[in-house]
Amino acid sequence: MSRTAREVVFVDGVRTPFGKAGPKGIYHETRADDLVIKSIRELLRRNPGLDPAKVDEVAVAATTQIGDQGLTLGRTAGILAGLPTTVPGFSIDRMCAGAMTAVTTTAGGIAFGAYDVVVAGGVEHMGRHPMGEGVDPNPRFVSEKLVDESAMFMGMTAENLHDRFPHLTKERADAYAVRSQEKAAKAYANGRIQQDLVPIAVRRTTAVDSGSAAGPVGEIGWGLATADEPMRPDTTLEQLAGLKTPFRPHGRVTAGNAAGLNDGATAALLAAEDVARELDLPVKMRLVSYAFAGVEPEVMGIGPIPATEKALAKAGLGIGDIGLFEVNEAFAVQVLSLLDHYGIADDDPRVNQYGGAIAFGHPLASSGVRLMNQLARQFEEQPHVRYGITTMCVGFGMGGTVIWENPNFDGSGK
């Protein structure tokens, strides 16, 4: 029996504002699964023509799948979000590319005909669950010299990347980071980001004077998270030059030219294009191809290079056909290595037009859909662009790239 693959489209995507991980962060007292639940509910609210019973699958990624990020999160979050119990769900893990893999995995099911409509996304609450919590790496990795010990620490892999490409200097990384902050601030000022954010009610406990010898007591208050907490729009090169290099003495990776530790969630609706048209759902992007690739774990930041090469080859495209790039900014040097490989300038206007993770934050498994949200918004504004990519490096030596086509393309450019 022969089958013809169906066209897969990105219908809609939302995310929570991203917060800083830790006791001072906005989500310190908010459950990880509640962030996902709010995102799924917002997708349904924004697309009232979609009968929730028509959702065929819920795939939710998390890197640390324990506690409130465990228990087959796609299934439990779907039920708590109000989807019928007939809608199945599952969890997925590809570290930083978790949400991206949730999208590509379910997209394959749509293309094959197993699904018509799916929800895919990710969450990471790095305040509740620091990266590596509960992990027990096999000692053979180091004892048998399968990998260098630095492969276990993402910041060290970024330092290794600087070593491998010494012309990608700290000064270039810092300059890139400043531009990311500036572009993110401009995107906020122009209302480009807020449209896809889900406001989250947050509970905070603050210490107040009890008026007695017993000392301060906790007072519970409520607030509303409506914007990304990590942004530092006033960042300057001079400030970044003076920051500590925590991963290596006299190193080049700092808190200023890397994404921080963050909390947040994302969710997207994908569908077969014919089904989306039938249900009168928006078609924001059309999936062209995708690829994942492995690299040496010690320099995991170069992962987007072979992944992009594979995805381009599968699509029959060249890098010159790509009009917009959404590259996850785990570290500035990682983005620079991709641009350098393809001869793209550090400040090329096609790259991360709204800024990136250095400004917004990078809650690991959730970030893939943030990239897609931003690319979809740019497609709407730029009908002369036909193709764009979302790409990211992945812990322990991988990269992932998805190529998308602009359904609004008017033929006036590449």
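In the nomenclature of an unreviewed UniProt entry, the protein is known as Putative acetyl-CoA acetyltransferase of Actinacidiphila reveromycinica. Of the comments in the UniProt record for the protein, the one headed Sequence similarities (unreviewed entry) reads "Belongs to the thiolase-like superfamily. Thiolase family."

Participant: Before we move on, could you go through unusual backbone geometry and cite the residues and values that matter?
Facilitator: Non-glycine residue Leu71 carries a positive phi angle of around 60°. Locating Leu71 in the fold gives a position in the loop between strand E3 (57-61) and helix H2 (73-80). Leu71 sits in the exposed class, given a relative accessible area of 71%. One non-glycine residue, Lys145, lies in the positive phi region at around 55°. Within the fold, Lys145 resides in the loop between helix H4 (140-143) and helix H5 (154-164). What makes Lys145 exposed here is its relative accessible area of 71%.

Participant: Can you lay out the packing of aromatic side chains for me, pointing to particular residues and giving the numbers?
Facilitator: A complete count under the given rule lists four aromatic pairs for this structure. Taking 6.4 Å as the distance between ring centres and 40° as the angle between the ring planes, the aromatic pair formed by Tyr188 and Phe360 counts as tilted. Of this pair, Tyr188 sits in helix H6 (residues 170-189) while Phe360 sits in helix H11 (residues 357-360), placing them 172 residues apart in sequence. Accessibility assignment for this pair places Tyr188 and Phe360 in one class, buried. A ring pair is formed by Tyr290 and Phe292, whose centres lie 6.3 Å apart and whose planes are at 65°; its orientation type is edge-to-face. The buried category is assigned to Phe292, whose relative accessible area is 16%. If you follow Arg15 out to its NZ or CZ, it ends over the ring of Phe360, 5.5 Å from the centre. Taking the ring centre of Phe292 as reference, the NZ or CZ of Arg94 above it sits at 3.8 Å.

Participant: Quick one: what's the story with the pattern of salt bridges, residue by residue and with numbers?
Facilitator: Taken as a whole and assessed by the stated rule, the structure comprises 24 salt bridges. Here Glu42 makes a salt bridge to Arg45, at a shortest N to O gap of 2.8 Å. Remark: Arg45 and Glu42 occur in helix H1 (residues 32-46); sequence separation between them is three residues, near one turn of the helix. Judged by its relative accessible area of 13%, Glu42 falls in the buried class. Of the residues examined, Arg45 reaches a relative accessible area of 56% and is grouped as exposed. Asp196 is paired through a salt bridge with Arg46; the nearest N and O atoms lie 3.5 Å apart. Of this pair, Asp196 sits in the loop between H6 and strand E6 (200-208) while Arg46 sits in helix H1, and the two are 150 residues apart along the sequence. In this structure Asp196 comes out as buried when scored by relative accessible area, which is 7%. Taken together, the shared-partner salt bridges connect Asp12, Arg46, Asp196, Lys284, Arg377 and Glu380 into one network.

Procedures and definitions
Note that residues are indexed from 1 along each chain, following the sequence as it is written. With pLDDT at 70 or above as the cut-off, local features in this predicted model cover only qualifying residues; side-chain atom pairs require 80 or more to be listed or tallied, and sums for whole chains, interfaces and linings still use all residues. Side-chain metrics in this entry use all non-hydrogen atoms of the structure; hydrogen atoms and water are not considered. UniProt positions are given in the numbering used here, feature names are shortened, and annotations may be inferred rather than shown by experiment. In this description a helix means any DSSP run of H or I spanning at least four residues, a strand means any run of E spanning at least two, and both kinds are numbered starting from the N terminus. When a residue's accessible area, from a 1.4 Å probe over protein chains only, is under 20% of the maximum for its type it is buried; when over 50% it is exposed; and in between it is partly exposed. Between the rings of Phe, Tyr and Trp (Trp by its six-membered ring), a pair exists once the centres lie within 6.5 Å; its type follows the angle of the planes, with under 30 degrees stacked, over 60 edge-to-face, and the other angles tilted. Criterion for a charge above a ring: Arg CZ or Lys NZ at most 6 Å from the ring centre, at most 35 degrees from the ring normal. Within this document, salt bridges are pairs made up of a side-chain nitrogen of Lys or Arg and a carboxyl oxygen of Asp or Glu, the two lying within 4 Å of each other.

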